[in-house]
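Results of the structural survey
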Number of protein chains: 2
Amino acid sequence: MSSRLALREKPARPSARAKIIGAAIEQVRRQGFAATSVDDLCRAAGVTKGAFFHHFASKEALAVAGAEAWTEHARARIFTDAPWMGVADPLDRLIAHIEFRLAMIDGPVEAFTCFVGTMVQEAYATSPAIRQACDASITAYAERLAEDVQLAIDCHGMIHGITALGLAFHIQAVLQGAFILAKAKDDPAIARDSVRHLKRYLQMLFDPATAT
Amino acid sequence: MSSRLALREKPARPSARAKIIGAAIEQVRRQGFAATSVDDLCRAAGVTKGAFFHHFASKEALAVAGAEAWTEHARARIFTDAPWMGVADPLDRLIAHIEFRLAMIDGPVEAFTCFVGTMVQEAYATSPAIRQACDASITAYAERLAEDVQLAIDCHGMIHGITALGLAFHIQAVLQGAFILAKAKDDPAIARDSVRHLKRYLQMLFDPATAT
DNA sequence: GACGGCATACCAACCGGTCGGTATGTAATT
DNA sequence: AATTACATACCGACCGGTTGGTATGCCGTC
């Protein structure tokens, strides 16, 4: 009931747990989930195996926690902190979003590809928990994006039969597919080409006269 | 120098090698490459480990052989034997191709997803040989498809800056991305939605007035 | 002195790959 | 026609190392 009140905003000790998750995101993006061993992770994170299993009940539990962390990471990077958020016109903002994603596709492949998209490919049939966590992450992004798509639709109209959420998932699909091509060619250029097709599609959908 | 002339058309013994590759394609599509062990494969193919390593120098060599087999498998299934090959007008044929791919996306996820697309995600950074084999398979499909895209462009024109090959790769990207969404949701419906967006994009590209 | 946050030591199962060996076929030599 | 020589297809026990996971103990903070 006295002193000792500063020095603590959160229960946060960023230490072991966060470092393990960070290492997992990095390694899984490079070599997949199954090929990433717990020992590798501990080495990369600079912790021991005891610490690992203190924080995570299993390798599978780490994957789930990683997916949740990825959701927050992506939300911050792509929405909260993104420069295109300030654009006024909803359609312009949507296009700016695509251009932002386009600009992200650069440098080494493992730096811009999707952690959960990679992981779900290996785990969808063997681990319901991981599949659900990855689905939740992808869906969270799509639902957030759908808000902006809906604003653009409200403002500029849309062809019958197309929903904001459906279009948001399609944007996700093109990005995920572009990542696969980039991995196959070990070159981001082919991925950017695909995202430019996506941008053109959106422009044509919202204004059939505009064909870049 | 008499009798014994029937009973032999080819040196073909379809046996062990083909069965192993078939098992690999099946298992990798379900659970990925790293999570598929050589022992699993032998069990599924009904051969012994000795037979496996007689036919393949390593697990990596099997992956490469599998990718090559997949290229042929896909070529036969999607081009040679496909019903849409007969359509006369190049654009109609291209759209029929997309509709054919759309119809393929049905049933359990592991039945319609792409073997090389799955594998390259895990191997691009760790195995140059596998990455190249997967790239070759994807590129072979894109180049074959680009022939038909080019015919449609010759016939109906195209916006400046879009190439047949680039568009063919984009089609590949959408399909690959659609597969990931299907895995995340364990449901083909979301993948079909994306391919319908792709179809609409093609129709708008070739005729801006047509908006389904 | 209880408890969270680690470290050390260890385990059984499984991993990709090797190895000595067998069964069968083919083709040239004798 | 029998012998030799070699190739192909396959078997299954075995190897060293790695796997995910556990059991236990130490140590600083409340």
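Here we summarise the structure given alongside this text.

Cut-offs applied
- Residues numbered from 1 in each chain as written.
- Chains lettered and ligands numbered in written order.
- Predicted model: local features only at pLDDT ≥ 70, side-chain atom pairs only at ≥ 80, totals over all residues.
- Heavy atoms only, no water.
- Helix = DSSP H or I, 4+ residues; strand = E, 2+ residues; numbered from the N terminus.
- Contact = heavy atoms within 4.5 Å.
- Least-squares fit on C-alpha atoms with pLDDT ≥ 70 in both.
- Near = heavy atom within 4 Å.
- Polar contact = N/O pair within 3.5 Å; in protein donor to acceptor, adjacent residues only side chain to side chain.
- Buried < 20%, exposed > 50% of the residue type's maximum accessible area, 1.4 Å probe, protein only.
- Nonpolar A, V, L, I, M, F, W, Y, C, P; charged D, E, K, R; others polar.
- Buried area = accessible area lost by both parts, 1.4 Å probe.
- Salt bridge = Lys/Arg side-chain N within 4 Å of Asp/Glu carboxyl O.
- Expected span 1.5 Å × (residues − 1).
- Core = buried A, V, L, I, M, F, W, Y, C linked by side-chain atoms within 4.5 Å.

1. Remarks on the side chain of A:Thr139
Checked against the element boundaries, A:Thr139 lands in helix 8 (residues 128-156). When residues no more than four places from it in sequence are discounted, the contact partners of A:Thr139 are A:Phe169 and B:Lys185.

2. Concerning the relation of the copies chain B and chain A
For the pair chain B and chain A, the relating rotation is 180 degrees, the translation along its axis is 0.0 Å, and the fit reaches an RMSD of 0.0 Å. Such values leave the two copies arranged in the relation of a two-fold axis. Taking the C-alpha atom as reference, chain B places B:Gly177 closest to the rotation axis, 1.8 Å from it.

3. Brief notes about the protein's contact with DNA strand D
Close to DNA strand D lie 17 residues; A:Val38, A:Lys49, A:Lys59, B:Thr48 and B:His55 are nearest. For DNA strand D, the backbone makes up 49% of the atoms found within 4 Å of the protein, where backbone means sugar plus phosphate. Within the backbone of B:Gly50, an N or O atom sits 3.4 Å from a base oxygen of DNA strand D. Residue B:His54 places a side-chain N or O atom 3.3 Å away from a phosphate oxygen belonging to DNA strand D.

4. With respect to unusual backbone geometry
All names here are of chain A. Backbone geometry places Asp-186, a non-glycine residue, at a positive phi of 50 degrees. By the secondary structure assignment, Asp-186 is in the loop between helix 9 (164-185) and helix 10 (189-206). In this structure Asp-186 comes out as partly exposed when scored by relative accessible area, which is 46%.

5. Considerations on the protein's contact with DNA strand C
Taken together, the neighbourhood of DNA strand C is formed by 16 residues, with A:Thr48, B:Ser37, B:Val38, B:Lys49 and B:Lys59 sitting nearest. A breakdown of the atoms of DNA strand C within 4 Å of the protein gives sugar and phosphate a share of 53%. B:Val38 has a polar backbone atom sitting 2.9 Å from a phosphate oxygen of DNA strand C. In the model, a phosphate oxygen of DNA strand C is placed 2.8 Å from a nitrogen or oxygen of the B:Lys59 main chain. Taken together, the elements giving at least two residues each to the surface near DNA strand C come down to helix 3 (49-55) of chain A together with helix 2 (38-45) and helix 3 (49-55) of chain B. If you tally residues by element for the surface near DNA strand C, the top one is helix 3 of chain A, at four residues. For the surface near DNA strand C, the class distribution of residues is five nonpolar, seven polar and four charged.

6. With respect to the interface of chain B and chain A
Listed as interface residues are 48 residues of chain B and, on the opposing side, 48 residues of chain A. Across the chain B/chain A interface, buried area totals approximately 4300 Å², and carbon plus sulfur atoms make up 65% of it. For the pair chain B and chain A, the interface holds two salt bridges. Here chain B and chain A share 17 residue pairs in polar contact (both at pLDDT 80 or more) between them. Secondary-structure elements contributing two or more residues to the side of chain B that touches chain A are helix 1 (16-31), helix 6 (109-112), helix 7 (115-123), helix 8 (128-156), helix 9 (164-185) and helix 10 (189-206) of chain B.

7. Comments concerning helix 8 of chain A
Taking 1.5 Å per residue, 29 residues should reach 42 Å; helix 8 of chain A reaches 40 Å between its end C-alpha atoms and fits that length. Among the residues trailing helix 8 of chain A, A:Gly157 stands out with phi positive, at a value near 80 degrees.

8. Examining helix 7 of chain B
Within helix 7 of chain B, nine of the nine residues are buried, leaving the element largely enclosed by the surrounding structure. Along helix 7 of chain B, the residues that are buried comprise B:Phe115, B:Val116, B:Gly117, B:Thr118, B:Met119, B:Val120, B:Gln121, B:Glu122 and B:Ala123.

9. Section: the nonpolar core
In this structure, A:Met119 and B:Met119 are the most contacted members of the largest nonpolar core, which totals 161 residues. Ignoring anything within four residues of it in the chain, the contact list for B:Met119 reads B:Val28, B:Phe33, B:Ala63, B:Ala67, B:Ile130 and B:Cys134.

10. So, the side chain of A:His97
Residues and elements named next belong to chain A. By the element assignment, His-97 lies in helix 5 (residues 90-104). Relative accessible area serves as the criterion here: at 0%, His-97 is assigned to the buried category. With sequence-adjacent residues up to four places away left out, His-97 is seen in contact with Ile-78, Phe-79, Trp-84, Tyr-141 and Leu-145.

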